[in-house]
Amino acid sequence: MGIPGDLLVVGVSIAFIYLAAYFLSKRKLSGDFEIDIQGGALLLKTTRLNKFIEDFGKKHTKLLKRLGNLGALASIIMAGYGIYFFHENLLLLRTAPTAASPVSPILPGITIGLEALPYFLLAVAITLISHELAHAFHAASENVKVKSTGIFLFLVLLGGFAEIDEEELAKRPLSTQLRVFAAGSFANILTFLLLLLVFTLIFASPLAPRPVGVLVTETIQRYPAYDKLASGDIIIAIDNSPTPTTSIFSETLSHYKPNDTVQLTVLRNGKKISITLQLASHPQNSSRGFMGVMINQVYTNEWMYKASWWLLVVTSSVAIINVMPILPLDGGRMLKAVLEKTLPRNIAKGLSLGLSMYLTVILIANIAYSTARWPILTPWREYWPASRGVG
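First things first, this report covers the structure right here in the doc.

Thresholds, definitions, all that
- Residues numbered from 1 in each chain as written.
- Predicted model: local features only at pLDDT ≥ 70, side-chain atom pairs only at ≥ 80, totals over all residues.
- Heavy atoms only, no water.
- Helix = DSSP H or I, 4+ residues; strand = E, 2+ residues; numbered from the N terminus.
- Polar contact = N/O pair within 3.5 Å; in protein donor to acceptor, adjacent residues only side chain to side chain.
- Contact = heavy atoms within 4.5 Å.
- Pairing = 2+ DSSP bridges.
- Buried < 20%, exposed > 50% of the residue type's maximum accessible area, 1.4 Å probe, protein only.
- Salt bridge = Lys/Arg side-chain N within 4 Å of Asp/Glu carboxyl O.
- Expected span 1.5 Å × (residues − 1).
- Axes fitted to C-alpha atoms, helices over the stretch in contact; angles between N-to-C directions.
- Parallel < 35°, antiparallel > 145°, perpendicular 65-115°, else oblique.
- Nonpolar A, V, L, I, M, F, W, Y, C, P; charged D, E, K, R; others polar.
- Arc of directions from axis to C-beta.
- Phe/Tyr/Trp six-rings, centres within 6.5 Å; stacked < 30°, edge-to-face > 60°.

### Brief notes about the side chain of His138
Tracing the sequence through the fold places His138 in helix 4 (residues 117–141). A polar side-chain atom of His138 sits 3.3 Å from the main-chain carbonyl oxygen of Leu64. Those residues in contact with His138, other than ones at most four positions away along the chain, are Leu64, Leu67, Gly68, Arg179, Val180 and Ala183.

Spelled out as structure tokens, the structure:
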């Protein structure tokens, strides 16, 4: 399979940026800015925000400590939920796949289409900037030095970071470490709840996106739709039964059998047309009819739906996964700090690593079973888990 042209352009652009950063790395730019490369990520560091962060942390010490204590408690609850979810989901993937949730790493151009990239990057930027600022503010309130702040670019992922003096933090009381470690995920879950409230109000208003049909993103060779439907067509009815959503479309199509004839009402380039197809057998269920299309949901104000979906998914996912006891995530560091205060150092390290490895295997198993169950998660596919499908 060839590499799509737009993905090639993105790849060449990233390579050029990395090459330029390599020649500029470790050099002081104008003012207090510096470019560095660490672990494959490009870092633009600055100390200009240090005074603001320190002043804010010291001015709101009591508030931040209360929020930090609440965040540490919330992290335990979120970690417990994350562990429960991924275990239960793995069981469902093996025994009742239709009731499970697909789990996939979000890789632009690989598991999500490039059309989704702006929404994804917006969600990542908001999530990581709030996450890292929370770490920095809480560190400053505990008199732990913040060395620098800045933005980073890792391939196509853009976000923010705060460089905290880790050696100094390790010497502080356990309660201080837990508050600082938990701050990022707690900020993310608060951001998620705030966004959820805002979007709930918007979606209850006349501005709310409304489903209008299912978008054909691709037709599958050797199936009926291949030479009759085209990418960009919007199916709005099957035999005069409206199909405003992918779920209604799939439910309606499920009542048809192979060799049945269906009449589709389709919007093509803004014009309504009728297309007749004779269905083939579904590749996963020979008793069901199948036209051979890959579909996505279409909405009015679609940008609003996509932005809200990505913001809610990324903020909540980072909040929960980051506090699971997996090293080097914050949850893993919290558990390690607790164990080192109560057990010999070598035992604490062994338990932390052992649990990290076990939970990592559980996550990988979720991804593996999801990929096997939903082959749609293959290179170059448009990926909107809440609204994609085949039919």
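### Quick notes on the pairing of strand 9 (residues 271–278)
Taken together, the 8 bridges between strand 8 (residues 261–268) and strand 9 define a ladder with antiparallel strand orientation. Bridge assignment links Thr265 to a residue of strand 9, and that residue is Ser274. Between the antiparallel neighbours strand 8 and strand 9 lie 2 residues, among them Asn269 with a positive phi of about 55 degrees.

### Considerations on unusual backbone geometry
That bond from Leu327 to Pro328 is cis: its omega, 5 degrees, falls within 30 degrees of zero. As for its placement among the helices and strands, Pro328 is situated in the loop between helix 8 (302–322) and helix 9 (330–342). A positive phi angle, near 50 degrees, is found at Asp239, a position not held by glycine. Its place among the elements puts Asp239 in the loop between strand 6 (234–238) and strand 7 (241–242). Look at Asp239 and you get partly exposed, because its relative accessible area is 30%.

### Regarding the pattern of salt bridges
One pass over the full model with this rule turns up 8 salt bridges. Between Glu168 and Arg172 there is a salt bridge; the shortest N-O distance is 2.9 Å. Taking the shortest distance from any N to any O, the salt bridge between Arg333 and Asp330 comes out at 3.9 Å. You can see Arg333 and its partner Asp330 sitting in helix 9, 3 residues apart, about one turn around the helix. Here the salt bridges share partners, and the residues they tie into one network are Glu166, Asp330 and Arg333.

### Thoughts on the pairing of strand 5 (residues 211–219)
In this sheet, strand 12 (residues 293–299) lies alongside strand 5 in antiparallel orientation, the contact comprising 7 bridges. Bridge pairing in strand 12 places Leu215 opposite Asn296. As defined by bridge partners, strand 5 adjoins strand 6 across 2 bridges and the pair is classed as antiparallel. If you follow Leu215 over to strand 6, its bridge partner there is Ile234.

### Focus: helix 9
The end-to-end C-alpha distance of helix 9, which contains 13 residues, comes to 19 Å, matching closely the 18 Å that a straight helix rising 1.5 Å per residue would cover. Residues of helix 9 that are buried: Asp330, Gly331, Gly332, Met334, Ala337 and Leu339. The elements touched by buried residues of helix 9 are helix 3 (61–95), helix 4, helix 6 (174–203), helix 8 and helix 10 (345–373).

### Considering the packing of helix 3 against helix 8
Relative to each other, helix 3 and helix 8 sit at 95 degrees, their axes nearing to 7 Å. With respect to their mutual orientation, helix 3 and helix 8 come out roughly perpendicular. Each of Met78, Tyr81, Gly82 and Phe86 in helix 3 lies in contact with helix 8, whose residues at this interface are Ala319, Ile320 and Ile321. Along the lines of polarity and charge, the residues of the contact of helix 3 with helix 8 split into 6 nonpolar, 1 polar and no charged.

### Description of helix 7 (residues 246–253)
Of all the positions in helix 7, only Thr246, Phe249, Thr252 and Leu253 are classed as buried. Seen end-on, helix 7 carries its buried residues on one side only, within an arc spanning 130 degrees. Summarising the contacts, the buried residues of helix 7 are in contact with strand 5, strand 6, strand 11 (285–290) and strand 12.

### Let's talk about the packing of aromatic side chains
Counted according to the given criterion, the structure contains 9 aromatic pairs. Aromatic side chains Phe52 and Phe56 sit 6.2 Å apart centroid to centroid with 40 degrees between the ring planes, which places their arrangement in the tilted category. Of the two residues, Phe52 and Phe56 are both situated in helix 2 (residues 50–59); the distance of 4 residues between them amounts to about one turn of the helix. Note on Tyr81 and Phe85: the rings are 6.2 Å apart at their centroids and 25 degrees apart in plane angle, and the pair reads as stacked.

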